[in-house]
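This is what each chain is made of:
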Amino acid sequence: MLEVKDLHVTVEDKAILNGLNLTINAGEVHAIMGPNGAGKSTLSAVIAGKDGYEVTQGTILFEGQDIFEMEIEERARAGLLLGFQYPIEIPGVKNIYLLKAALNAQRAARGEGEIPAPEFMKLVREKSAEMKMDPSFLQRAVNEGFSGGEKKRNEILQMLVLQPKLAMLDEIDSGLDIDAMKVVASGVNSLRSADRAILLVTHYQRLLNHIEPDRVHVLVDGRIVKSGDKELALELEARGYDWVLEESAA
């Protein structure tokens, strides 16, 4: 589903990614961990098409298509979704309008008509209930006045409604208490399927207690230096990153 080859990225002339390679197959959940400044958030931002990043070398293929030939909205319509670490507020735009516009844009890209209003309302109410969000949030401006945990639930609500092929969640666990973490993790787990992939960027193994990854990757200095299964995350939790840094420097 996703193939990243020899990716080099700079931000304001500073090298952030230095030859990163990553392959994610449909049906898999991958977690990327690593120390601060390693380039974890940069990877998902570049895949999604966020401004401010210069790709100097390498390729990214999404379902065989070069994403650098796709505009950001084309990537979204094709099934890429980025859940932000710090979701922004959009004053004046109701949550429900954003969800409906985004869903209908996806449907139009597939050659489908707009979703009927009753069907849409049934869908968003069901998904809001799954995220334990009061229905009143649908009528409020996007993330405006939301707490940190409410913003993160709202990101997952968008994911549940849009049903992306590849969901990239950038530190979706930051700022969450344990109850909110369980709700968010439940929403993510409900999307696991044989035709969808999920990429988690996280600092902490605790998220992976609730969302079990198929693969765990350690990013250091812009490269993946170690990969393994969920046991690798447990080892990082117990030993920190120093031993990985020493191995990568050897």
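Above this text you will find the structure in question.
Just so it is clear, the structure is predicted and the values come from calculations on it, not from any experiment.

Caption draft 1: Expanded view of the sheet that holds strand 9 (residues 166-170). Strand order in the open sheet formed by six strands is 6-9-10-3-11-12, and the pairing between neighbours is mixed. Every other strand in the sheet has two partners, leaving strand 6 (80-83) and strand 12 (223-228) as the edge strands with one partner each. Each neighbouring strand pair of the sheet contributes to a mean axis angle of 20°, computed without reference to strand direction. When strand 3 (residues 29-33) meets strand 10 (residues 197-201), the two strands line up parallel, connected through four bridges. Bridging across to strand 10, Ile32 finds its partner in Val201. The sheet strands contacting helix 9 (residues 242-249) are strand 11 (215-220) and strand 12, and the helix crosses strand 12 at an angle near 120°.

Caption draft 2: View of the environment of Leu82. By the secondary structure assignment, Leu82 is in strand 6. Judged by relative accessible area, which is 17%, Leu82 ranks as buried. Spatially, the C-alpha atom of Leu82 lies 6.4 Å from that of Ala48, the residues being 34 residues apart in sequence. Not counting the four nearest positions on each side in its chain, Leu82 is found in contact with Ser44, Ala45, Ala48, Glu155, Met168 and Asp170.

Caption draft 3: Inspection of the sheet that holds strand 1 (residues 2-11) at higher detail. Strand order in the open sheet formed by four strands is 2-1-4-5, and the pairing between neighbours is antiparallel. Every other strand in the sheet has two partners, leaving strand 2 (14-24) and strand 5 (65-66) as the edge strands with one partner each. In terms of strand pairing, strand 1 meets strand 2 through eight bridges, oriented antiparallel. When the bridges of strand 2 are listed, Leu7 appears paired with Leu20.

So, how was this worked out
- Residues numbered from 1 in each chain as written.
- Predicted model: local features only at pLDDT ≥ 70, side-chain atom pairs only at ≥ 80, totals over all residues.
- Heavy atoms only, no water.
- Pairing = 2+ DSSP bridges.
- Helix = DSSP H or I, 4+ residues; strand = E, 2+ residues; numbered from the N terminus.
- Axes fitted to C-alpha atoms, helices over the stretch in contact; angles between N-to-C directions.
- Contact = heavy atoms within 4.5 Å.
- Buried < 20%, exposed > 50% of the residue type's maximum accessible area, 1.4 Å probe, protein only.

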